[in-house]
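# Observations on the model geometry
Listed below, chain by chain, are the residues.
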There are 4 protein chains.
Amino acid sequence: MSAGSGQEPLRVAVLGARGRMGRQACAAVDAAPDLELVAEIGRGDRLDALAEAGAQVAVDLTVPAAVMGNVEWCLSHGVHVVTGTTGWTADRLDTVRQWCTQAPALGVLVAPNFGIGAVLVMRFAQQAARFFESVEVVELHHPDKLDAPSGTAVRTAQLIAAARAEAGLDPVPDATVEALEGARGADVDGVRVHAVRLRGLLAHQEVLLGGPGETLTLRDDTYDRASFMPGVLVGVRKVADHPGLTVGLENYLDLDGAPRRAGD
Amino acid sequence: MSAGSGQEPLRVAVLGARGRMGRQACAAVDAAPDLELVAEIGRGDRLDALAEAGAQVAVDLTVPAAVMGNVEWCLSHGVHVVTGTTGWTADRLDTVRQWCTQAPALGVLVAPNFGIGAVLVMRFAQQAARFFESVEVVELHHPDKLDAPSGTAVRTAQLIAAARAEAGLDPVPDATVEALEGARGADVDGVRVHAVRLRGLLAHQEVLLGGPGETLTLRDDTYDRASFMPGVLVGVRKVADHPGLTVGLENYLDLDGAPRRAGD
Amino acid sequence: MSAGSGQEPLRVAVLGARGRMGRQACAAVDAAPDLELVAEIGRGDRLDALAEAGAQVAVDLTVPAAVMGNVEWCLSHGVHVVTGTTGWTADRLDTVRQWCTQAPALGVLVAPNFGIGAVLVMRFAQQAARFFESVEVVELHHPDKLDAPSGTAVRTAQLIAAARAEAGLDPVPDATVEALEGARGADVDGVRVHAVRLRGLLAHQEVLLGGPGETLTLRDDTYDRASFMPGVLVGVRKVADHPGLTVGLENYLDLDGAPRRAGD
Amino acid sequence: MSAGSGQEPLRVAVLGARGRMGRQACAAVDAAPDLELVAEIGRGDRLDALAEAGAQVAVDLTVPAAVMGNVEWCLSHGVHVVTGTTGWTADRLDTVRQWCTQAPALGVLVAPNFGIGAVLVMRFAQQAARFFESVEVVELHHPDKLDAPSGTAVRTAQLIAAARAEAGLDPVPDATVEALEGARGADVDGVRVHAVRLRGLLAHQEVLLGGPGETLTLRDDTYDRASFMPGVLVGVRKVADHPGLTVGLENYLDLDGAPRRAGD
């Protein structure tokens, strides 16, 4: 049974409540009839307020310097954690896994991306990869972005490359012998990734897969940070069903499971 | 173990071998190192040639008037069947299911669409549907097509509608009060479907899903009928692993199974 | 010489200054170094304030019930007008033309759409229409929109139809004999127009043109009403160069003129 | 008056008639009621056949080593030339210009690209460039292509860069400080160009322009070399109206001229 599906609303605290994402998360939790916003914790506020409010799930939207302390506190006080804070290294994830063994009933969701569309593009690309000879990734963002390509695009390319390797596919075909520097994009594990920067855009990603006579395009367009809130709420509602550490919202989306077969 | 993965090539016959699709199928089977084209049966040819050639799998690309007889003959002679012939009704499928009970080791694949991209768009749309408030289908074809929307688009909309119903979603939002006739497309189980007809195109389909601040687009572009051949070969190689009747190539694509979780 | 290109900033008043568009226009004028915002007129305010402030150009972003009075007042007080207010009929335009004969030095711009991208799509579609056998229009908007298709899409289709007629083209080919009601979209002067409604979108339009083996796609995506401001500023800066009534921002964009030939 | 609009069909010869493009050109000329195919010249054939057949226009689809000789022969025998042969340098164009002064009534069209959609994308991009803060070019081709980016994409970027310079625009904004090598594409005169290589594609180009809250996308999709034939026929029909050397089919398309104003 999912947390929050019972009659009592699930009690939720937001950490980093005064940041841009935090404020939106507070509003989204507040608006959901099955959730109750019991604490809004900002920088400098005491975490005890969270315990006093009886929070069952904490949404951490803080900063790398704060998130580890927050997760440790939550796990030692019986509170599930959903976090979109950045800065996760393999070491940090290992540390959290350790902590989880001390609190086996609690769940921690670390989500690099709460956009459900973005997560689905990544997952579908991974599933489709082995059926197509060619694949490239194009990400498009506003021109104020500092890094290229986006972390999501790099991760998508890595997942595609792994799926191709597992399926025993040959390298993608490319007869280019004469190229302007940079024309063919960045090479991420053998998958070409192109980064477009354009005023007017926010965050967009397109995966193009091609075989003889056919192409498949998977595209996510994010126009507004509000788009992350449905994903945050999925995390909040399902974290209690996933004890231990989970990395990636896609693991909460039941994508492998029950859907009836198309041909039934 | 998949048929065809052993050392001996799998012995394949093509029925309807002189039609447009049939000729392409003969060429594709011929070119595959793990398959052997042992019989090319055209209109008026005797099916016995198929038995004499020791065919293990028959690819039927004939016409509605011929396919039932062909399937019956194959099942009574120990030959698996992969067919892309049209005209399948619930009654016909029931009849084949009956026949299959008499030959429980044999498989029959009825595939309305052998395009892997088209099949994936359908499947991904079905999986994604429950996460988005809005969804519409746009199909685009050459202007010589007789029906609108395409059968694939109708089926896609039906699968989406069923997935939405299963997830308990509200009807898609639409405030339109003043419309030119036809502007909002056809209504297929509550999902709007638009059919574009344009010289230069062959067969294309786009599923658009939208939630607050985000859209997800799934698109298949078919430029050439050659694009169906990879799907035909998947069918040929896997039919022996799927005894009984299967409707839809998607059921051979292992989409629910082994792929490692993105977060592992 | 364009108004505003001299040393003195051009003096601009905004009518409807407290509406959503009006507030944005005030901010945009204020931010432009070559323009000076000298009056912000809201409902109930006296137009005399406009004269007292020495406005040279008035931007009218009011309502159909107010705009005619505003234009008349401006033309009789020596003030150019740029308006994006709706509700223009042939009769209303004729009336303004009459008034203009009394003030031959003044310009009035009536712009159904200030989005430069939207205007360019319309214009390019009109120019390209005669080279392609097929053409269709797809517009996509948020689901709270009341009418379908959009006024811009209808106008685009009309311009395309007129360009085809002028070039003597045959009707667009369409072999459809069996269709679900609405599948083929609305018929606007022989051009099919499809209206998609999707949460997450704001205002988007795509014109698809096709000939043997080739398609041309012209697409405008509007994510934010801020996108109208560059067009408003073009209108303000150029209205003094276009005495009399002009309908459509495209006529201020110098699209036919000086651009050097590609082959030079 | 355009050549070919009279009652007598225009007499056309094809040079390079046995190549892939040449065969298509012969068929296209043959199928046009206002044109008559009077000579098909292949490698080794005598050009005199062309004169004997009374050709008025020669379509040269040969190779760089042959084209100069062919053009010279045609100009000295009173025959207009339309050529899509590659290998044109500034020197070669100058030589042809010289020859033309000796035959002032004759026209020569050198067309790097006969695809009308491709030519229109280039032209519209050039016209739209000055209205948008950002612009990038994405070209997509089959993976057997040897160069990246395509010549058309490079030329498009150059035309855009020139239009921006002429309009006094600032460099396109780009805050990237941390990038994987190649992620941001090739730099062509300050315009980023990305080259995608994908099985299933033929030749595609997309120009993305963006300003605050809005993007404009111009896209050409070429699925088949048949798409070049309408452009070849435009060249054949109009070459007599353009004495002297013309580079670029766009100069025959009357894009600057008569089209009625949208607001009239």
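Residues numbered from 1 in each chain as written. Chains lettered and ligands numbered in written order. Predicted model: local features only at pLDDT ≥ 70, side-chain atom pairs only at ≥ 80, totals over all residues. Heavy atoms only, no water.

## Remarks on empty space enclosed by the protein
Gaps left between atoms show up when a probe the size of a water molecule is rolled over them. Using the following cut-off: Grid points spaced at 1 Å over the protein atoms alone were grouped into cavities, where a 1.4 Å probe fits but cannot get out, and pockets, open sets with protein on both sides within 12 Å along at least five of seven lines, with lining residues defined by an atom within 4 Å of a point. Grid points are joined across faces, edges and corners, and a volume is the space filled by probe spheres set on the points. Polar here means any residue outside two lists: the nonpolar Ala, Val, Leu, Ile, Met, Phe, Trp, Tyr, Cys and Pro, and the charged Asp, Glu, Lys and Arg; Gly therefore counts as polar.
In the structure shown here, the tally under the stated rule is one cavity of 30 Å³ or more. In this structure, the largest cavity occupies an estimated 1000 Å³ of space. In terms of lining residues, the largest cavity is bounded by 45 residues, among which A:E206, A:R219, B:E206, C:E206 and D:E206 are the most central. When the residues that make up the lining of the largest cavity are grouped by side-chain class, the tally is 25 nonpolar, eight polar and twelve charged.

## Concerning the relation of the copies chain C and chain B
Definition in use: Least squares is the method for superposing the copies, and the C-alpha atoms it fits come from residues with pLDDT of at least 70 in both. In what follows, a contact means two residues having at least one pair of non-hydrogen atoms within 4.5 Å.
The operation relating chain C to chain B is a screw motion whose rotation component is 180°, with 0.0 Å of axial translation and a residual RMSD of 0.1 Å. The superposition operator between the copies reduces to a two-fold rotation axis. By C-alpha distance to the rotation axis, the residue of chain C lying nearest is C:G182, at 1.8 Å. Here 100% of the contact residues of chain C are again contact residues in chain B; the copies associate through an equivalent surface.

## Describing the pattern of salt bridges
All names here are of chain D. To keep things clear, this is the line we draw: Every case where a carboxyl oxygen of Asp or Glu lies within 4 Å of a side-chain nitrogen of Lys or Arg is listed as a salt bridge. Here the term buried applies to any residue with accessible area under 20% of the maximum for its type, exposed to any over 50%, and partly exposed to those in between, with areas from a 1.4 Å probe on protein chains only. Helical segments are the DSSP runs of H or I of at least four residues, strand segments are the runs of E of at least two, and each set is numbered from the N terminus.
In the structure shown here, the tally under the stated rule is 60 salt bridges over all chains. The salt bridge partner of D221 is R219, with a shortest N-O separation of 3.0 Å. When its relative accessible area of 6% is taken as the criterion, D221 is described as buried. Of the charged contacts, one joins D254 and K238 as a salt bridge, the two residues approaching to 3.0 Å between their closest N and O atoms. Of this pair, D254 sits in the segment after β13 (244-247) while K238 sits in helix α7 (residues 229-238), and the two are 16 residues apart along the sequence.

## Side note on the packing of aromatic side chains
Applicable threshold: Pairing of aromatic side chains here covers Phe, Tyr and the six-membered ring of Trp, requires ring centres within 6.5 Å, and sorts the geometry by plane angle: under 30 degrees stacked, over 60 edge-to-face, intermediate tilted.
Inspection of every chain in the model, using the stated rule, returns four aromatic pairs over all chains. Taking 4.1 Å as the distance between ring centres and 5° as the angle between the ring planes, the aromatic pair formed by C:F124 and D:F124 counts as stacked. Of the two residues, C:F124 sits in helix α5 (residues 116-128) while D:F124 sits in helix α5 (residues 116-128), which places them in two different chains. Per residue, the accessibility class of C:F124 equals that of D:F124, and both read buried.

## Comments concerning the UniProt feature "binding site: (S)-2,3,4,5-tetrahydrodipicolinate" (unreviewed entry) in chain A
Residues and elements named next belong to chain A. The condition that has to hold: UniProt positions are given in the numbering used here, feature names are shortened, and annotations may be inferred rather than shown by experiment.
According to UniProt, the feature "binding site: (S)-2,3,4,5-tetrahydrodipicolinate" (unreviewed entry) maps to H142, G151 and T152 in the numbering used here. Position of H142 among the secondary structure elements: in the loop between β6 (134-141) and β7 (147-148). For H142, a relative accessible area of 21% puts it in the partly exposed group. Inspection of the secondary structure assignment puts T152 in helix α6 (residues 151-166). Excluding anything up to four places from it in sequence, T152 contacts N113, M122 and Q205.

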